[in-house]
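As a plain string of letters, each chain reads:
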Amino acid sequence: MIKVKFYGVRGSIATAGDETRRYGGNTSCVAVQAGGETLIFDAGTGIRRLGADLGAGVASGGVRAHLFFSHLHWDHIQGFPFFGPAFGPGNRLDVYGVQSELDPGGHPQTIEIPMATLSDGPPVADAKGVRAAMAAQMNAPNFPVGLDAMRADLRFFDVPYGERITLPASSAPIIVRHVGVDHPNGCVAWRVEHDGHAVVYATDLELAEGTDGAVFDGLVELSRGADLLVFDAMYTPEEYEGKGTFSRRGWGHSTFEMGAALAEQAKVRSLCLFHHDPNHDDAFMDRLASRARARFSQTTIAQEGMELSL
Ligand SMILES: [Zn+2]
Ligand SMILES: [Zn+2]
């Protein structure tokens, strides 16, 4: 069995307040439990609460988790310095990023994070990749303590594009794989498979007409037959097209209709809309939910605290 729990469902920036209380205001963070292992997707502000749920007193020890980044935009990393288990000696945290950016043909390329962003802090051994990105956001003057204040056993992996990860687990191995998606600065969608079940985490992607065919096909293949597809549906179709305002084309996000089209093509069992626009309050999300269900009946809207068993 796979269990999925949503700790942060909002895109771009956290939205605390009464008007977003039901769907939730924290930015992207999803926990997946499979075979006795904890897998975490993105470290938006929601990861603080997840750390507390894992029983993470700073000195606790015994917490073990795998953290996968879709990409390194701020709303997906800014909770990392507040993930309690990372500070506790005896805890173990494996952190995975895929350093890729799509070229105009839709093919992933390796990117490097410039050394200049690390100039004012303690020396960072590896100035590229996911470790450097975590260190950079904790450097002075942005944060009071550096990455070295985290006393857990932290291991950082820059996964070569396309490489699948196998995690040994109690009943059956957990297979984690990814494909590149269309988003400014690059992003990947992840799939977790365990014991005949699968969940796909596909956020921060634009799946419009005109998306490179290879990218769309890659996503269909990644999502095929999944029990659950978590999908970036940040905009309504009207917002995306810019009816009455301005178009969001090229901003790197999708609509529920694009999610439904992918869900149908890949024959997934259920679709979960995610990465809600900060301007979409609870009443707006309720209306969006009924529209989305009319388009694809097996649709849920991600809500902070919601737990699904696959
Ligand atoms: Zn985002
Ligand atoms: Zn992004």
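Residues numbered from 1 in each chain as written. Chains lettered and ligands numbered in written order. Predicted model: local features only at pLDDT ≥ 70, side-chain atom pairs only at ≥ 80, totals over all residues.

### What about the overall build of the protein?
Okay, step 1: Of regular secondary structure, the protein possesses 7 helices and 16 strands.
Okay, step 2: The buried share among the 310 residues of the protein stands at 48%.
Okay, step 3: In the protein, the share of contacts with a sequence separation of at least 24, taken over all contacts with a separation of at least 6, comes to 68%. (Helix = DSSP H or I, 4+ residues; strand = E, 2+ residues; numbered from the N terminus. Buried ≥ 20, exposed ≤ 12 C-beta atoms within 10 Å, placed from the backbone. Contact = placed C-beta atoms within 7 Å.)

### Digging into the sheet that holds strand β11 (residues 187-194)
Okay, step 1: Judged by pairing direction, the sheet is mixed, and its 7 strands sit side by side in the order β9-β10-β11-β12-β13-β14-β15 without closing on themselves. Only two strands of the sheet have a single neighbouring strand rather than two, namely β9 (165-167) and β15 (299-301). For this sheet, the mean angle separating the axes of adjacent strands, direction not counted, is 20 degrees. (Pairing = 2+ DSSP bridges. Axes fitted to C-alpha atoms, helices over the stretch in contact; angles between N-to-C directions.)

### As for the packing of helix α6 (residues 256-266) against helix α7 (residues 282-295)
Okay, step 1: Here α6 crosses α7 at 30 degrees, and the two axes come no closer than 10 Å. Judged on the interaxial angle alone, α7 and α6 are roughly parallel. For the pair α6 and α7, the crossing hand works out as right-handed. Here Phe256, Glu257 and Ala260 of α6 come into contact with α7, specifically with Leu288, Ala292 and Arg295. (Parallel < 35°, antiparallel > 145°, perpendicular 65-115°, else oblique. Left-handed = near helix turned anticlockwise from the far one by under 90°.)

### So, the environment of alanine 292
Okay, step 1: Relative to the elements of secondary structure, alanine 292 occurs in helix α7.
Okay, step 2: For the pair alanine 292 and leucine 273, spaced 19 residues apart in sequence, the C-alpha to C-alpha distance is 8.8 Å.

### Some words on the nonpolar core
Okay, step 1: Grouped together as the largest cluster of nonpolar side chains are 87 residues, with contacts concentrated most on Ala189, Val199, Leu229 and Val230.
Okay, step 2: Here this core gets 6 residues from one element, more than from any other, and that element is helix α3 (residues 129-137).
Okay, step 3: The residues contacting leucine 229, other than those within four sequence positions of it, are Val200, Ala202, Ser223, Leu262, Ala263, Val268, Leu271 and Cys272. (Core = buried A, V, L, I, M, F, W, Y, C linked by C-beta atoms within 7 Å.)

### As for α3
Okay, step 1: Across the 9 residues that make up α3, a large majority, 8, are buried.
Okay, step 2: Of the residues making up α3, those classed as buried are Gly129, Val130, Arg131, Ala132, Ala133, Met134, Ala135 and Ala136.
Okay, step 3: Buried positions along α3 lie against α2 (74-77), β5 (92-97) and β8 (153-158).

### Section: the pairing of strand β1 (residues 2-8)
Okay, step 1: Burial of β1 is extensive: 5 of the 7 residues sit out of reach of the surface.
Okay, step 2: With 6 bridges connecting them, β1 and strand β2 (residues 29-34) associate as antiparallel partners. Residue pairing across strands places valine 4 opposite valine 32, the latter belonging to β2.
Okay, step 3: As defined by bridge partners, β1 adjoins strand β16 (residues 307-309) across 3 bridges and the pair is classed as antiparallel.

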